[in-house]
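Listed below are the residues making up each chain.
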Amino acid sequence: MTHLQEEAISVSVIMPAYEEEQAIGGIVERVRKVMEQLGLSHEIIVVNDGSRDQTAQAALEAGARVCTHPYNMGNGAAVKTGIRHAMGDSIVLMDADGQHPPEEIPRLLEKLGPYDLVVGARSTGTKASMHRNFANAVYNRLASYVSDRKIEDLTSGFRAVKTSIAKEFVNILPNTFSYPTTLTLAVVRTGYSLVYVPFAAPAREGKSKIKIFRDGARFFLIILKIATLFAPLKIFLPASLLMFLTGMGYGLFKIFVLHTRYGPTSAMLMTIAVVVFLMGLISEQVTQLRFDQIGRVIYSQKADDEK
């Protein structure tokens, strides 16, 4: 590690790992080989997320810098630890289970200059269960609506990002597998650039730690959370419009079909719809204030760097 301390580090490769003793050593070796071929100064950070096996020892023996959690805190928490310890100008995030080929790293870094975030998008030929492919398609469509741009792979954890941007959003990333969802939507909604690089993901080594129903519901809630955080009217406006039309339609149905009074239910729905819309407007103003605050922080950081 002495030569890394003597020169500026260009790329930090971060791998969260939980009980990956069988795969981690080989993945670290492959990453080092790729980075040496690129001729970039680098560091390989393996965040041992409370593994009970020899994951940390295997990573150390392969030459990685290891950060260890005292207990299993979650995939996202491990990524956040890695980001906070990263010393490179750029960060590559990848899994330690073999699903993200290190040989694809140069393609990600090649795009990172013009773009702020580069995501490896798993190709349609990637092996995955039918229900998982369907769920990913649903998440991608919903995220595309929220972000106003096509999202090709919302949940891919194989990505390269500028370190300053990763550190900017590190505190809002969840401690779970849904951190790629949060990072992608946060980057897009705050005006940073995003590009996708397709790759074929091989079968993982070992058993997947993602549970489709548990983590699927969590991904959905994360999308709603980020939508209300960065684009609240995308949620509040359709909800208020739906309630307003439902109330009006029900009232007209009672008048012209049932020949009864308009009724309090219709009036209540329409009133609540107006309240929800006004809440959306207030949330939009709060979001704008947050954008302004982020802009001031970035400007301040750039000014300090120029001094």
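Cut-off values and rules
- Residues numbered from 1 in each chain as written.
- Predicted model: local features only at pLDDT ≥ 70, side-chain atom pairs only at ≥ 80, totals over all residues.
- Heavy atoms only, no water.
- Patch = residues over 30% accessible without salt bridge, like charges linked within 9 Å, V, L, I, M, F, W, Y side chains within 5 Å.
- Areas by Shrake-Rupley, 256 points an atom, 1.4 Å probe, with all protein chains shown as cover.
- Salt bridge = Lys/Arg side-chain N within 4 Å of Asp/Glu carboxyl O.
- Helix = DSSP H or I, 4+ residues; strand = E, 2+ residues; numbered from the N terminus.
- pLDDT = per-residue confidence, 0-100.
- Contact = heavy atoms within 4.5 Å.
- Buried < 20%, exposed > 50% of the residue type's maximum accessible area, 1.4 Å probe, protein only.
- Core = buried A, V, L, I, M, F, W, Y, C linked by side-chain atoms within 4.5 Å.
- Right-handed = clockwise from strand over helix to strand, strands pointing away.
- Pairing = 2+ DSSP bridges.

An unreviewed UniProt entry lists the protein under the name Glycosyltransferase involved in cell wall bisynthesis, from Desulfatibacillum alkenivorans DSM 16219.

Student: In this structure, what is going on with a nonpolar patch on the surface? I would like to understand it.
Tutor: Taken together, the side chains of M248, Y250, L252, F253, I255, F256, V257 and L258 make up a nonpolar region of the molecular surface, amounting to roughly 730 Å² of accessible area. Within the element layout of this structure, L252 appears in helix α10 (residues 233-256).

Student: I'm lost on the confidence of the model for the protein in this one. Help?
Tutor: Across the protein, the average pLDDT comes to 85, with 83% of residues at 70 or higher. Here helix α1 (residues 2-6) is the element of the protein with the lowest mean pLDDT, 46, and strand β4 (residues 90-93) is the one with the highest, 98. Across residues 1-6 the pLDDT falls below 50, and counting only partners more than four positions away or on other chains, this stretch makes 4 contacts in the model.

Student: What is the right way to look at the pattern of salt bridges in this model?
Tutor: Once their charged atoms are close, side chains differing in charge can pair, the charge on each being opposite to the other. For the structure on display, the rule yields 9 salt bridges. D116 is paired through a salt bridge with K162; the nearest N and O atoms lie 3.2 Å apart. With D116 in the loop between α5 (105-112) and β5 (117-122) and K162 in strand β6 (residues 159-162), this pair connects stretches of sequence that are 46 residues apart. Judged by its relative accessible area of 26%, K162 is partly exposed. A salt bridge links D148 to K234, with the shortest nitrogen-to-oxygen separation between them at 2.5 Å. Here D148, found in the loop between α6 (130-147) and β6, pairs with K234, found in helix α10; they are 86 residues apart in sequence, far enough to count as distant. For D148, a relative accessible area of 55% puts it in the exposed group. Here the residues in one salt-bridge network are D148, R189 and K234, joined through shared partners.

Student: Teacher, can you tell me more about unusual backbone geometry here?
Tutor: A negative phi angle is the norm for most residues apart from glycine, just as the trans form is the norm for most peptide bonds. Positive phi, close to 55°, is recorded for E19, a residue that is not glycine. Mapped onto the elements of the fold, E19 is located in the loop between β1 (11-17) and α2 (24-38). With a phi close to 65°, D148 is a non-glycine residue in the positive phi region.

Student: For this particular structure, what's the right way to read the nonpolar core?
Tutor: Looking at soluble globular proteins, one finds that nonpolar side chains tend to be buried together. Grouped together as the largest cluster of nonpolar side chains are 39 residues, with contacts concentrated most on I14, I83 and I91. Ranked by residue count, the leading element in this core is helix α8 (residues 179-189), at 6 residues. Ignoring anything within four residues of it in the chain, the contact list for I91 reads S12, I14, I83, A86, R159, A160, V161, T163 and A166. With 30 residues, the next largest nonpolar core counts V11, A96, V118 and F158 among its residues.

Student: Got a minute to help me understand the pairing of β1 in this structure?
Tutor: The side chains of a regular strand alternate between the sheet's two faces. Along β1, 7 of the 7 residues are buried, which leaves the element largely enclosed by surrounding structure. Neither face of β1 is open: one carries V11, V13, M15 and A17, the other S12, I14 and P16, and all of them are buried. Running through α2, the crossover from β1 to the neighbouring parallel element strand β2 (residues 42-49) is right-handed. Note that β1 and β4 share 4 bridges and pair parallel. Paired with V13 across the two strands is V92, which belongs to β4.

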